[in-house]
Every structure is written in C-alpha cells, then in structure tokens.
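Observations on the three-dimensional arrangement
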Amino acid sequence: MLRTTADSKNNLLLLFQNPNEPVFAQKDDGKTVIELPEEYYTDRYRPLGDELSTRFGEDATNKVVLKAVASLPDLSFASALSKDAGFSLFNQAHKDMASKLMQIFMDQPDAETLMSVAAYCKDRVNAYLFQYSLSVAMQHRDDTKNITLPSIVTTFPDKFVDPSAFPKAREEGALVAEENRQHINIPMEFTSNNKEVEQKLAYFREDIGVNMHHWHWHLVYPGEGPDQIVRKDRRGELFYYMHNQVIARYNVDRICARLEKAKPLTNIRSIIPEAYFPKIIRSKLNRAYPPRVANMTLQDVNRTDAVVEVADIERWRDRIYQAIDQGQVIDSKGKTISLNGLQGIDILGDIVESSALSPNKLVYGDLHNQGHNLISFVHDPEQKYLEEFGVMGDVTTAMRDPIFYRWHSFIDTVFQRHKKLQPSYVANTELAYAGVTVSSVNVQITQGKNTKPNTLLTFWQKSDVDLSSGLDFGPEGNVYASFTHLQHAPFAYTIGVENKASAQKIGTCRIFMCPINDDRGQPITKFEEQRSLMIEMDKFTVYLNPGQNTIRRRSDESSITIPYERSFRKIGSKFTPTDAAEKAQFQFCGCGWPQHMLIPKGSPEGTKFNIFVMISNYELDRVNQPDLKNPCNDAASFCGLKDQKYPDKRAMGFPFDRPYKVAGLNDFRKLGSNMALGECEIKFTNALINRT
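Procedures and definitions
Residues numbered from 1 in each chain as written. Predicted model: local features only at pLDDT ≥ 70, side-chain atom pairs only at ≥ 80, totals over all residues. Heavy atoms only, no water. Helix = DSSP H or I, 4+ residues; strand = E, 2+ residues; numbered from the N terminus. Rg over C-alpha atoms; globule rule 2.2 N^0.38 Å. Buried < 20%, exposed > 50% of the residue type's maximum accessible area, 1.4 Å probe, protein only. Contact = heavy atoms within 4.5 Å. Areas by Shrake-Rupley, 256 points an atom, 1.4 Å probe, with all protein chains shown as cover. Salt bridge = Lys/Arg side-chain N within 4 Å of Asp/Glu carboxyl O. Pairing = 2+ DSSP bridges. Axes fitted to C-alpha atoms, helices over the stretch in contact; angles between N-to-C directions. pLDDT = per-residue confidence, 0-100. Parallel < 35°, antiparallel > 145°, perpendicular 65-115°, else oblique. Left-handed = near helix turned anticlockwise from the far one by under 90°. Phe/Tyr/Trp six-rings, centres within 6.5 Å; stacked < 30°, edge-to-face > 60°. Lys NZ or Arg CZ within 6 Å of the ring centre and 35° of its normal. Core = buried A, V, L, I, M, F, W, Y, C linked by side-chain atoms within 4.5 Å. Disulfide = S-S within 2.5 Å. Polar contact = N/O pair within 3.5 Å; in protein donor to acceptor, adjacent residues only side chain to side chain. Nonpolar A, V, L, I, M, F, W, Y, C, P; charged D, E, K, R; others polar.

Attention now goes to the overall build of the protein chain. When you go through the protein chain residue by residue, the secondary structure sums to 23 helices and 21 strands. Computed over C-alpha atoms, the radius of gyration of the protein chain comes to 26 Å, within 12% of the 26 Å expected from 2.2 N^0.38 for 692 residues, which places it in the range of a compact globule. The 692 residues of the protein chain split such that 61% are buried. Of the contacts made within the protein chain by residues no fewer than 6 positions apart, 79% connect residues no fewer than 24 positions apart. As displayed, the protein chain has an accessible area near 27,600 Å², and 48% of this comes from carbon and sulfur atoms.

Glancing now at the pattern of salt bridges. Working definition: two side chains of opposite charge can pair if their charged atoms are close together. Applying the stated criterion across every chain, the model contains 31 salt bridges. In this structure, the salt-bridge partner of Lys 361 is Glu 224, at a minimum N-O distance of 2.6 Å. Linking Lys 361 in helix H14 (residues 361-364) with Glu 224 in the loop between helix H9 (208-220) and helix H10 (227-230), this pair joins segments that are 137 residues apart in sequence. Under the relative-accessibility criterion, Lys 361 is labelled partly exposed at 31%. Classification of Glu 224 by relative accessible area gives buried; the value is 11%. A salt bridge links Arg 553 to Asp 538; the nearest nitrogen and oxygen atoms lie 2.7 Å apart. Here Arg 553, found in strand S17 (residues 547-554), pairs with Asp 538, found in strand S16 (residues 535-544); they are 15 residues apart in sequence, far enough to count as distant.

Moving on, we get to the sheet that holds S16. If you walk across this open sheet you meet the seven strands as S4-S13-S12-S21-S20-S15-S16, and the pairing is mixed. With partners counted over all chains shown, the strands left at the sheet margins are strand S4 (184-185) and S16, one partner each. Two strands pair when backbone bridges link them, and strand S15 (residues 505-515) and strand S20 (residues 607-617) are joined in this way by nine bridges, in the antiparallel orientation. When the bridges of S20 are listed, Phe 512 appears paired with Phe 612. Strand contacts of helix H11 (residues 235-256): S15, S16 and S20, with the helix running at about 115° to S16, the strand carrying the most contacts.

Turning our attention to the confidence of the model for the protein chain. Detailed reading of predicted coordinates is not advised where the pLDDT is low. Chain-level pLDDT for the protein chain is 88 on average; 90% of the residues reach the 70-or-more range. Ignoring residues within four places in sequence, the model shows residues 570-588, a span with pLDDT below 50, making 58 contacts including any to other chains.

Two elements in contact, helix H4 (residues 111-122) and helix H5 (residues 127-140), have axes whose closest approach is 11 Å; the angle formed by their N-to-C orientations is 165°. In terms of orientation, H4 and H5 fall into the roughly antiparallel class. Considering the relative orientation of H4 and H5, their crossing is right-handed. Here Leu 114, Ala 118, Cys 121 and Lys 122 of H4 lie close against H5, whose contacting residues are Phe 130, Leu 134 and Met 138.

Overall, the coordinates contain 29 aromatic pairs when judged by the stated rule. When the centroid spacing of 6.4 Å and the interplanar angle of 65° are considered together, the rings of Phe 239 and Phe 415 count as edge-to-face. In this pair, Phe 239 sits in helix H11 while Phe 415 sits in helix H16 (residues 402-419), placing the two residues 176 residues apart along the sequence. Of the residues examined, Phe 415 reaches a relative accessible area of 2% and is grouped as buried. Counting every residue linked through ring pairs, the aromatic cluster contains Trp 217, Tyr 221, Phe 239, Tyr 240, Tyr 241, Phe 415 and Phe 638. Positioned above the aromatic ring of Tyr 321 is the side chain of Arg 417, whose terminal nitrogen or guanidinium carbon lies 4.1 Å from the ring centre.

The next point concerns the nonpolar core. One finds Leu 15, Phe 105 and Trp 407 to be the most contacted residues of the largest nonpolar core, which totals 157 residues. If we ignore the near neighbours within four places in the chain, the residues touching Phe 105 are Leu 114, Ala 118, Cys 121, Phe 130, Ser 133, Leu 134, Ala 137 and Arg 141. Counting residues in each nonpolar core, the second largest holds 37 residues, with Tyr 433, Leu 456, Val 542 and Leu 598 among its members.

Attention now moves to the state of the cysteines. When the sulfur atoms of two cysteines share a covalent bond, that bond is a disulfide. Counted under the stated rule, the structure contains one disulfide. There is a disulfide in this structure between Cys 591 and Cys 639, and the S-S distance comes to 2.1 Å. Because the torsion about its S-S bond is -80°, the bridge between Cys 591 and Cys 639 counts as left-handed. Of this pair, Cys 591 sits in the loop between helix H20 (580-583) and strand S19 (593-594) while Cys 639 is found in helix H22 (residues 636-639), placing the two residues 48 residues apart along the sequence. Given a relative accessible area of 1%, Cys 639 falls into the buried group. Here Cys 256 is not cross-linked by a disulfide; its sulfur's nearest cysteine counterpart is in Cys 680, at 10 Å. Overall, Cys 256 belongs to the buried group, its relative accessible area being 7%. The closest cysteine sulfur to the non-disulfide-bonded Cys 514 is located on Cys 680, 10 Å from its own sulfur.

Attention shifts here to the environment of Asn 360. Tracing the backbone through its elements, the reader meets Asn 360 in the loop between helix H13 (343-353) and H14. For the pair Asn 360 and Ser 332, spaced 28 residues apart in the sequence, the C-alpha separation amounts to 4.8 Å. One polar contact links the side chain of Asn 360 to the main-chain carbonyl oxygen of Asp 331, over a distance of 3.1 Å.

Right, let's talk about the sheet that holds strand S14 (residues 491-499) for a bit. The antiparallel open sheet is built from three strands, whose spatial order is S11-S14-S17. Edge positions in the open sheet fall to strand S11 (436-445) and S17, since each of these has one partner strand only. The mean inter-strand angle of the sheet, taken between neighbouring strand axes irrespective of direction, is 15°. Relative to S14, S11 is paired through nine bridges, and the arrangement is antiparallel. Bridge pairing in S14 places Val 443 opposite Tyr 493.

Look at H9 against H11: their axes get within 12 Å of each other, and the N-to-C directions meet at 175°. When the axes of H9 and H11 are compared, the pair comes out roughly antiparallel. Only Arg 235, Leu 238, Phe 239, Met 242 and His 243 of H11 make contact with H9, whose side of the interface consists of His 213, His 214, Trp 217 and His 218. When grouped by side-chain class, the residues that make up the contact of H9 with H11 number four nonpolar, four polar and one charged.

With that out of the way, let us pick up the side chain of Ser 358. In this fold, Ser 358 is placed in the loop between H13 and H14. Judged by relative accessible area, Ser 358 falls into the buried class, the value being 11%.

Attention now goes to the environment of Thr 155. With respect to the helices, strands and loops of the structure, Thr 155 is situated in helix H6 (residues 152-155). Through-space distance from the C-alpha of Thr 155 to that of Pro 19 is 6.9 Å; in sequence the pair is 136 residues apart.

Structure, rendered in structure tokens:
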C-alpha cells in the first residue's frame, strides 16, 4: 500500500541520495518516490511526466508529494557552471553562486517550502554546488539544523575511493543478494609505490577521515554566503589555527618517517619537483582528476572559469607582509584597523583566506584561494585541453596532494610573521597559575594486559564505508568498500597535580605533544623548532581540590577529534535516528579531526615524544556564554561550538602560539609550576586489524 508522508524535514534527506540522479528517481532502495508538480520536470523529462510518475512509483511504498511553489527561483546565476562540471570553493565565481543559492534556501519560510524549492533546484544546478549549498543552509536554519545530514563520503564516494571499486560494486549489487555481497577491497597503494618517497605519507594525505575533516570544516565555516552563515566567532583565527595544526601534524609524521619537513612554497616561481597522480574520478563525467607531473612551474591562469596571475599572488603577499610589519590594515573605507591584541590574528585570517569578512579584498586580495587555483590549473592554465582543475581545486581532495602541505606551510609562515611581532607572554601573570603544581605526566594503553607505561602503539586497521548512496543509477541495498587506515590502541593520561590553596581551584588542562628528535635522529633542542612542531592533543576543564589530585583522561575524550562512527554515518531518511540524543548529533558534529589519526604514526623502532601539560588559570580562560547542552562540543579546539563563542578566551594554540626567549622546551616549562613535561614512545606495528 502506498502511503504519503509529510515529514518535510526528514524528506530533505532524500535529496542527498544518488546526487546525480533526477529527483523523481526512486529513493530508499526503491521504497520512496517523490511526486513532482508538472512544472518541476526539466525540459528533457516534462513530456514524459505521466509515464515517469507511474513507472517510478509502481514499486514504492512511500510517496512524498511536493507542493507547488507560486514563485520559483531564478537560477540563471548558476547557468555558467554546467551540471556535470567540477565545483570549487577556491573559485570566486563558484563561491558567489553558492552564496546566492544558500540565500534562496535560507529565505524559504518553512521546511516544506524548502523541500519543494530545493527539489526544483536539484535538477537544474551543478550537483556539487547543490549539495554544498543545501548542506550549509540546512545546518544554519532553525527548523533544520537538528537533522543529521549524511557524510560526504557516502554522497560522493568518488572523491575519496579508488575508482576501481565502483565497477566491482555495481557488479556485486546487480548479481548478488544484499546479504551475500562481499566487501570491495581498496588497496593502500593505488596512487604510487615505494619508489616515490612521498608514498610514505600517503596514509596521512589520502586518509578518508582527514580529507572529510577538511571538507567539513569549510562546510561549517564557509568563506562566502549570507552574513548569518559566515560571521562566526573567531572565524579567521580558526582558519589559521586548524590549518596550522594540520601542517604541524603532517610534519611530525614526516619526522617519524625520517623525511624532512614540508618546504614552504615561498617562491611560487620555482620548479615544483613533487608530482601527484590522484587516480580518482568525477563520477558525473567519469573523468579522472588531472595529474601533475614532476618539475612543473606555476603559470598565469587565463580560463573562462578562472583568471589569476602569478604576480597577483606576489603582490597580495607583499601587501599583507607590509600590513603585518606595520601592525595595521586599511579597510575599504580607508579606516585603519590594528592587528595588535587578540583580534589581530582573527582579522588576518579573514584577509589571507579572503572570506566575506575581509576588511579590504581590493587591496589584500585572495592569497590563499588563488594559490590553490594556480596550482590546480598548472596542467592546463589556458584551457587548451579542456581539462578541469586538479585535486588542489577541491576542498574534499586538496589534502591528498603533497603540494597542499607546501602551500599551507607558506600560508602558515605569513601568520607566524604576525605572531613573532606579538609580545611574549608574561610568565607570572599569563603563564603561571599560583598555587598549582603539576608533578607528573604519564600515558598508559587502556586495553590489553601487561602494557608498558608511556608506550603507545599504532597499527593498520580495516574499516568499511557504504558506497550505495553515491552509486548513481546503481544497485539497491548496501554495497561496502573496505579501506585501510592508521589506528592506535586507546590510552589514557594520568596527571598528578597539587593544589596548595585551601579552596578548590578551576583550571584548563592543556595537553600538547612534540617529537624529541628530528628526521635525522638528532635531538631537537631549540624552543622555536619545538614550538612549531607542537600538536594539540586535548583541552578540558579541571576542578582541583586542596591537596593532591590525580587527573585521568581517556584518548577518545580529546577536544580535537570526533569518533569514527560520526565521520562515516549512513545516509538517507531510513537511517535517521529516532532516539533524541542520537538525533541531536546534527551536521555540525561531523566537524573534527578523525580519532584514528589522533597520534602520529611513530616508527617500528619507536619514536620518542615530549608530552607537555599545562593547567592554566580558568579565570583567564573563561568565556561567558549560555550552557546550551551542546551535544557535539567534543571537537571544539578545531571547530568551535555550534551557535556559541569559541570556548577559550586565550589565543588558539596557547601557550605555543607565540615565540618565547628561552633556549628549549624544558626552560619554558620552568616558567611556572603549573607546567610539566613527560615522555612517551610511539611504536608502529605493521599489523592489520579488522574493526570489531
């Protein structure tokens, strides 16, 4: 029996299934059909409307009837981007289109009207543009922000998975009953072999969770769009800090592999020795992302969809350098804005990214985004060969390319130029916490017997991702691909703290980690180098009773990460949770570094690390804001809090965001009894363990 549903909010999830299929195609493995008003069909299908509605509804048990909207939106602004072209958040024209489409979705009075208008738009605009704009709008509308949106890896698996998996998945889905289908194995080495030295870091660059994090952060913090979407607390600073930590983590893993740190792409006219052959496809056209061969040089880009000169990058860079050195920028009205104080890095972040919040795009330009564009079109800068952008032109794929880390290492040097001009923290008033002494720092694996203290273990793990929702015109039911990723044994910190006061004290426990030796195995002794390799591991509030206190904190409680299950949640209305607590884990909750990549890989012989712990004065950290019972505040360090201020008054990365005139890390630790150093070793075992 066919039943009609009017659950407009969850019906919106149907529009994320099989993104390249028309709206009228059956959803939920053939169980649901969307009935369109006649004028909603595109020119290709309008003459067949009656036939299509009968044909695609005959096996469905659930019908979604769309109400006709009196005034349908004018989508001519998106016509320049064809339905099957690539969509790039680094392309200003594409960002402008997304901003206008977001505004259309934000302007709809209720979820039912939004469903109707979005369905009309879906078949008329670029698939990637549509999915991105609707996702951003839904997570910012009051009536849809609690809907659990799908993971992009299930919507567009082609951006994350070896394309050889798709023919196998379709074969398995077409010929084998769902309960008997085998998982499609994705090999670890499908972009290069061990003759290419950068392959040693492929597990990091091509990790599905890492690339999803990058996409999700830019989804939560879009650079363009309606003001209520873009204007978030400390957005520019978050752009700086999230990417700063990604580079630090990447460099630490390079040290574990005995590779030198990524070289900043400071001279953009120099030869780029790194090649990259991504071997992933754009499913709509079934074309591969173009590769970049070794020893190419960036050239001026002059295409119908992008125009930028190498000299533009150099000019914007020099103007930003000048502003940093002068400690001020000039806004579009000629007003001087200081870069000193806590606001400076936030303003600078908006300028470098050229977000809608940049005070003067005309003067300071579009440094970050156009750098991505120059690199992504290096193979066809004048559109002679009708090639689209490479992986550096897409936030879902950019982190796969070794050049991403060189470009963002340069971007980080711009921010560090500013940080080095800021006054050092005052030890007695800004670093120390009187009466608090951190006496010991240890880590211990929490699973298994007879585990060695201060020794952490990493290994390979096999996990699964469902490809079915992204296989357009493909099989019904689930089809899984198995991929291999880095994983670590769960562990916990044990921190000894003494409160010498007679009353309870509140503090913020900040945990960082950095390698003890460099890529050559030599001790890293200079504080500035140690500071640049500090990776934040956790940050949380502690309550210290008078006397001795023991703080225990599990690795899966980290303020940096989100769990595996949240990254790879399933798609579709039939998977929408009914439990209120699960339902509260809405789209924002997908933002965070993947838990399985929390610690560096280490090495078979063991890589030694310092563990730095600081308990800072909560009165200097506290941010006054309402307690909204936010269900996804666990990755706040990189992603902030939904609809709230960033939950730490200090500069992001404190206390290592600024230089300090000390010889080494141990000397810095001695500036306050509230800081302590521990040591641990990370050992990598080349073993493969299935997820249980």
